[in-house]
Amino acid sequence: MKKTTINHYLNKRVKPTIIYNNITAYPLYLQIITQRKTQQIKSFLNVYMSEKAFEIMRNGGSREEYMRETNVMQTGNYWIDEEPKILKSAIEFLITNDIDYNLKSKYFKQYIEEYTQTAYKVFSKETAKIEIGDLKLDDFTNCLNIGDKTLIYIQKAIENTTNTDIFKYLPTDYIKIWQVVELIKYAAQKINCISFLENDPFKMLFQTFDNKEVKEICGTTKTQLQKKEIEKIFTMLLKRVKCSISVLFY
């Protein structure tokens, strides 16, 4: 795969904007070179910066300093200076997985917004879509798949309050899938999905699984995970994630 290079620059070809405290600012853009093509697009963070703030950021200055002269106080799931690295990982993931994309489409922005969330949130979302195959049980699990919490977390909360183990009513295979999501939660912690997949997720999962405390967290009264099962289940979930990403660009 050809090298991907991404850098920020201030677009001074457009008329500057006056932001708070009468600061003159320009829109932040990205120059992207990949697969022998060069493109310039506006930053996905919709940031305007003073020349001073941009120089501080470009030279590796403190985030607190460069944020003082921008039009935003928060930038979503990542810092402004992290954007080139995030986009590089995202683009290379798409290329590696033969997913056609358009940098300037709204779907690319949607992809970045969704997959710069923490890894376990992304995998939790995919797992919540899995149906057991029994209408009543599927209705039951749909009620439990709330927000970004894993089913393991919800089961423990219910048991602590009602002294009822809901896993008695669910298939073992389904529980194990959620155990893997819980494992991702502890392995990746605050790592976003793109960065998690860019590294060695299996190594991270197995290293975490060897932790006695995590084994107890992932364990239930009904079943215990094995390493071979982790690999099989994670591979299946990863396919679902890749499928969801590819669907964005259809």
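Everything that follows concerns the structure shown earlier in this document.
The structure presented is a predicted model; accordingly, all values stated were derived computationally and were not measured.

When you look at the overall build of the protein in this model, what are you seeing that I'm missing?
Looking only at helices and strands, one finds 12 helices and 5 strands in the protein. For the protein, the C-alpha atoms occupy an extent of roughly 65 × 40 × 35 Å along the three principal directions. Sorting the 250 residues of the protein into buried and exposed places 47% on the buried side. Roughly 14200 Å² of accessible area belongs to the protein as shown, and the carbon and sulfur atoms make up 48% of that amount. Charge separation in the protein, taken as the distance between the mean sites of 37 positive and 30 negative side-chain charges, equals 4 Å.

For this particular structure, what's the right way to read the packing of helix α8 (residues 172–188) against helix α10 (residues 201–209)?
Helix-helix packing: each pair is described by the crossing angle between the helix axes and the interaxial distance. At a closest axis distance of 9 Å, the pairing of α8 and α10 adopts a crossing angle of 95°. Judged on the interaxial angle alone, α10 and α8 are roughly perpendicular. Where α8 approaches α10, its residues Leu183, Ile184, Tyr186, Ala187 and Ala188 are matched on the opposing element by Met204, Leu205, Thr208 and Phe209. When its residues are assigned to classes, the contact of α8 with α10 shows 8 nonpolar, 1 polar and no charged.

Is there a simple way to think about helix α4 (residues 106–115) in this case?
Residues of α4 that are buried include every one of Phe108, Tyr111, Ile112 and Tyr115, and no others. Along the axis of α4, the buried positions cluster into a sector of 95°, meaning they face one direction only. Those residues of α4 hidden inside the fold are in contact with α3 (83–96), α5 (119–128), α9 (193–198) and α12 (227–248).

How should the pattern of salt bridges be read in this particular structure?
Oppositely charged side chains may form a pair once their charged atoms are brought near each other. Summed over the entire model, instances satisfying the criterion amount to 10 salt bridges. Glu69 is paired through a salt bridge with Lys52; the nearest N and O atoms lie 3.8 Å apart. Within this pair, whereas Glu69 is found in the loop between α2 (63–67) and α3, its partner Lys52 is found in helix α1 (residues 51–58), the two being separated by 17 residues in sequence. Assessed through its relative accessible area of 19%, Glu69 is described here as buried. One salt bridge in this structure joins Glu114 and Lys125, with 3.9 Å as the shortest N-O distance. With Glu114 in helix α4 and Lys125 in helix α5, this residue pair connects regions lying 11 residues apart in the sequence.

How should the packing of aromatic side chains be read in this particular structure?
To describe a pair of aromatic rings, one takes the distance between the centres and the angle between the planes. A full pass over the atoms with the stated rule returns 12 aromatic pairs. Their ring planes at 55° and their centres at 6.4 Å tell us that Phe108 and Phe249 sit as a pair that is tilted. One end of the pair, Phe108, is in helix α4; the other, Phe249, is in the segment after α12, with 141 residues separating them in the sequence. The exposure class assigned to Phe108 is buried, which follows from its relative accessible area of 0%. Put simply, the rings of Phe44, Tyr101, Phe108, Tyr111, Tyr115 and Phe249 pair up and form one aromatic cluster. One cation-aromatic arrangement involves Lys185 over Tyr120; the distance from NZ or CZ to the ring centre is 5.5 Å.

I would appreciate a short explanation of the pairing of strand β3 (residues 23–34) in the present structure.
For β3, the buried fraction is high: 9 of the 12 residues fall into the buried class. Relative to β3, strand β1 (residues 5–10) runs antiparallel, the two being bridged by 6 bridges. Residue Thr5 lies in a different strand from β3, and its bridge partner there is Ile33. Here 3 bridges tie strand β2 (residues 17–19) to β3, and the two strands are oriented antiparallel to one another. Considered in β3, the bridge of Ile19 is made with Ile23.

Help me out: how do you make sense of the nonpolar core in this one?
Ranked by size, the top nonpolar core spans 72 residues in total, and within it Phe108, Tyr111, Phe123 and Ile184 carry the most contacts. Beyond its immediate chain neighbours, meaning those up to four positions away, Phe108 contacts Phe44, Leu87, Ile91, Leu94, Tyr101, Asn102, Leu103 and Phe249.

In this structure, what is going on with the pairing of strand β4 (residues 37–42)? I would like to understand it.
On any regular strand, side chains alternate: one points to one face of the sheet, the next to the other face. Two elements, β3 and β4, share 6 bridges in a ladder whose sense is antiparallel. Paired with Ile32 across the two strands is Gln39, which belongs to β4. The loop that links β3 with its antiparallel partner β4 comprises 2 residues; one of these, Gln35, has a positive phi angle of about 50°.

Quick question: what am I supposed to make of the side chain of Thr34 here?
Examined against the element boundaries, Thr34 turns out to sit in strand β3. Look at Thr34 and you get buried, because its relative accessible area is 5%. Sequence-distant contacts of Thr34, that is, excluding residues within four places in its chain, are made with Lys3, Thr4, Ile91, Ile95 and Tyr101.

The rules behind each value
Residues numbered from 1 in each chain as written. Predicted model: local features only at pLDDT ≥ 70, side-chain atom pairs only at ≥ 80, totals over all residues. Heavy atoms only, no water. Helix = DSSP H or I, 4+ residues; strand = E, 2+ residues; numbered from the N terminus. Buried < 20%, exposed > 50% of the residue type's maximum accessible area, 1.4 Å probe, protein only. Areas by Shrake-Rupley, 256 points an atom, 1.4 Å probe, with all protein chains shown as cover. Lys, Arg positive; Asp, Glu negative; His and termini not counted. Charge placed at Lys NZ, Arg CZ, Asp CG, Glu CD. Axes fitted to C-alpha atoms, helices over the stretch in contact; angles between N-to-C directions. Parallel < 35°, antiparallel > 145°, perpendicular 65-115°, else oblique. Contact = heavy atoms within 4.5 Å. Nonpolar A, V, L, I, M, F, W, Y, C, P; charged D, E, K, R; others polar. Arc of directions from axis to C-beta. Salt bridge = Lys/Arg side-chain N within 4 Å of Asp/Glu carboxyl O. Phe/Tyr/Trp six-rings, centres within 6.5 Å; stacked < 30°, edge-to-face > 60°. Lys NZ or Arg CZ within 6 Å of the ring centre and 35° of its normal. Pairing = 2+ DSSP bridges. Core = buried A, V, L, I, M, F, W, Y, C linked by side-chain atoms within 4.5 Å.

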